[in-house]
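Letter by letter, the chains look like this.
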Amino acid sequence: MRDDFDPHVEETFDSPHAEYRRMRAECPVAWSSAHGGFFALTRFDDIVAAVTDYDRFITSKINVIPNMSLGKRRPPLGKDPPEHTPFRRALDRTLRGARIAAMEPVLRAHAQRELQRMIDAGQGDISSDFATIYPAWVEVEWLNLDPGHAPLLAEVARLYNIAWRSENMDAVAETSGKLYDVAAAVVEDRKANPRAVETDPASALLAEETPDGPIPEEYVIATIRQVLVVGLMAPPPLFGAICVHLVRNPDLQDYLRQNPDRIPAAVEEFLRLYSPYRGFARTTTCPVEMHGRVIPEGAPVTMVYASANRDERVFDDPDTFRFDRENIRQHLAFGRGAHQCAGAGLVRLEMRIFLEELLARTSAMALNGELEMTRLPELGPTSTPLRFTPA
């Protein structure tokens, strides 16, 4: 089968979106022989149909491309409904609106400290510095970890990202193991010292019941490790892309400084434009025909959320930032269906605080070097050097 696209091609900040525009028009069900061969869905409606079809598109076999899971199934992404439901129920319990709102003051204090450090220096890398350490603090607060874990998580996330991008399996295993160690330690502590299930994810998972009894401890540990990776890996390319957009559009910077009440709306449009994941993967359980192409049984299929969010069939003038989109909440930055991101509310808070504090503490920003771009499955810059003009 002839390749429709090359996921290894060197990218710029804008080039993936141009390529996905071409794929949506010419090959909405695209094929690449890379990474052992996989299909990619690029249109909004096709992706929504696939990720909500739990019979023909399963996530328990492979949920990301390239597949470097080291043969381990990590809930909840590594399990299909209804098997995944107890894991999701436990996590949802700790991510309700009241809990997220209660976290705002302490998360804002972390953001203020880490941002001001960079602004005082006049420069810094949003992706590899702030967007690595700030999410580590978010994880520490949500998981109720010792504060000493924040620098460790930030450094492990940085090394994990490098290992993943270079497809260095030994380094992936080593850094993943460090995250497992953190997860195992917190689970061991909560077994001896359980906390309120409404505010502590590990305690909630340990207390959750499945049809066969409590969740096995190994799966509780794997779930904590899974949420650590997702929470640490998405912000660097997302926050970096947002800053590139703001640098390119100083009028938008000024507007948001003068109208901070519009920042929540800006958050949604930034999520649509700069979804940090190209998409999680599924595996077909039977042959599936789409747009005249048959995806065979057992084929890996990645859902390119970043393409779906700029699908001109759904979003008018999709490459343009607009506050007034009536259907903005339709975006797929958090996925859709049973595996939709459990932490969406926490991410929105994290982003809002970041933008409020960044814009309040600066009067201007400029790029201060070359961008370094990430690779599949993430999308966006992993290095975003900026120069700041203090407010």
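Figured I'd write up the structure that's included with this text. (Residues numbered from 1 in each chain as written. Predicted model: local features only at pLDDT ≥ 70, side-chain atom pairs only at ≥ 80, totals over all residues. Heavy atoms only, no water.)

Topic: the environment of Pro 235
Applied cut-off: Each helix corresponds to a stretch of at least 4 residues labelled H or I by DSSP, and each strand to a stretch of at least 2 residues labelled E; elements are numbered beginning at the N terminus. A 1.4 Å probe rolled over the protein chains alone gives each residue an accessible area, and that area as a share of the maximum for its type sets the label: buried under 20%, exposed over 50%, partly exposed in between. The contact definition used throughout considers only heavy atoms, calling two residues in contact when any of these lie within 4.5 Å.
Structurally, the position occupied by Pro 235 is in helix α10 (residues 235–248). Judged by relative accessible area, Pro 235 falls into the buried class, the value being 8%. Expressed as a C-alpha distance, the spacing of Pro 235 and Thr 389, which sit 154 residues apart in the sequence, is 23 Å. Residues in contact with Pro 235, not counting those within four places in the same chain, are Ala 131, Pro 135, Val 230, Gly 240 and Glu 350.

A short note on helix α3 (residues 85–93)
Burial in α3 covers these residues: Pro 86, Phe 87, Arg 88, Ala 90, Leu 91 and Arg 93. In the core, the buried residues of α3 are packed alongside α5 (126–143), α8 (201–207), β5 (209–210) and α9 (217–233).

Description of the nonpolar core
The condition that has to hold: Residues belong to a common nonpolar core when they are buried Ala, Val, Leu, Ile, Met, Phe, Trp, Tyr or Cys residues joined through side-chain atoms within 4.5 Å.
In this structure, Ile 126, Phe 270 and Phe 354 are the most contacted members of the largest nonpolar core, which totals 111 residues. Counting residues per element, this core draws most heavily on α5, at eleven residues. Filtering out sequence-adjacent residues up to four positions away, Phe 270 remains in contact with Leu 238, Ile 242, His 245, Leu 246, Leu 252, Ser 275, Phe 321, Met 351 and Leu 355.

Description of the sheet that holds strand β2 (residues 38–41)
The line we're drawing: Two strands are said to pair when DSSP picks up at least two bridges between them.
Sheet architecture is open: five strands sit in the order β1-β2-β10-β7-β3, paired in mixed fashion. Among the strands making up the open sheet, the edge pair consists of β1 (29–32) and β3 (57–58). Here strand β7 (residues 281–284) runs beside strand β10 (residues 300–303); their pairing, made up of three bridges, is antiparallel. From the neighbouring strand, Arg 282 faces β10, where its bridge partner is Val 301.

Observations regarding the sheet that holds strand β14 (residues 385–390)
Note the following rule: A fitted line through C-alpha atoms represents every axis, and for helices the fit uses only the stretch in contact; the resulting angles, taken between N-to-C directions, go from 0 to 180 degrees.
As summarised here, the arrangement of the three strands in space is β4-β14-β11, forming an open sheet in which the pairing is antiparallel. Looking along the sheet, the strands with just one partner apiece sit at the ends: β4 (123–125) and β11 (362–367). Direction aside, neighbouring strands of the sheet carry axes that sit 30 degrees apart on average. Each of β11 and β14 touches helix α14 (residues 344–360); the most contacted strand, β11, lies at about 100 degrees to it.

Quick word on the pattern of salt bridges
Quick reminder of the rule: By convention in these notes, a salt bridge is any Lys or Arg side-chain nitrogen within 4 Å of a carboxyl oxygen on Asp or Glu.
Here the structure, examined in full by the defined rule, presents 36 salt bridges. Close ionic contact of Arg 117 with Glu 114 constitutes a salt bridge, the shortest N to O distance being 2.8 Å. Of this pair, Arg 117 and Glu 114 are both found in helix α4 (residues 97–121), three residues apart, which corresponds to roughly one turn of the helix. Overall, Arg 117 belongs to the partly exposed group, its relative accessible area being 39%. With a shortest N-O distance of 3.1 Å, Arg 310 and Asp 319 are connected by a salt bridge. The class for Arg 310 is buried, based on a relative accessible area of 7%.

Digging into the packing of α9 against α10
As a reminder of what qualifies: To sort the angles, those under 35 degrees are grouped as roughly parallel, those over 145 as roughly antiparallel, those from 65 to 115 as roughly perpendicular, and the leftovers as oblique. Ten residue types, Ala, Val, Leu, Ile, Met, Phe, Trp, Tyr, Cys and Pro, are classed as nonpolar, four, Asp, Glu, Lys and Arg, as charged, and the remainder, Gly among them, as polar.
Across the interface, α9 lies against α10 with an axial gap of 5 Å and an inter-helix angle of 20 degrees. Relative to α10, α9 is oriented roughly parallel. Between α9 and α10, the contacting residues are Val 230, Gly 231, Leu 232 and Met 233 on the first element and Pro 235, Pro 236 and Pro 237 on the second. Taken together, the residues of the contact of α9 with α10 break down into six nonpolar, one polar and no charged.

Here's the deal with unusual backbone geometry
Here Ile 65 and Pro 66 are connected by a cis peptide whose omega angle stands at 5 degrees. Mapped onto the secondary structure, Pro 66 falls in the loop between β3 and α3. In this model, Leu 376 is joined to Pro 377 through a cis peptide bond whose omega is 10 degrees. Looking at the secondary structure, you find Pro 377 in the loop between β12 (372–373) and β13 (381–383). Phi is positive for His 35, close to 55 degrees, though the residue is something other than glycine. Structurally, His 35 is set in the loop between β1 and β2. Among the residues examined, His 35 registers a relative accessible area of 28% and is labelled partly exposed. Non-glycine residue Asn 144 carries a positive phi angle of around 60 degrees. Considering the arrangement of structural elements, one finds Asn 144 in the loop between α5 and α6 (149–165).

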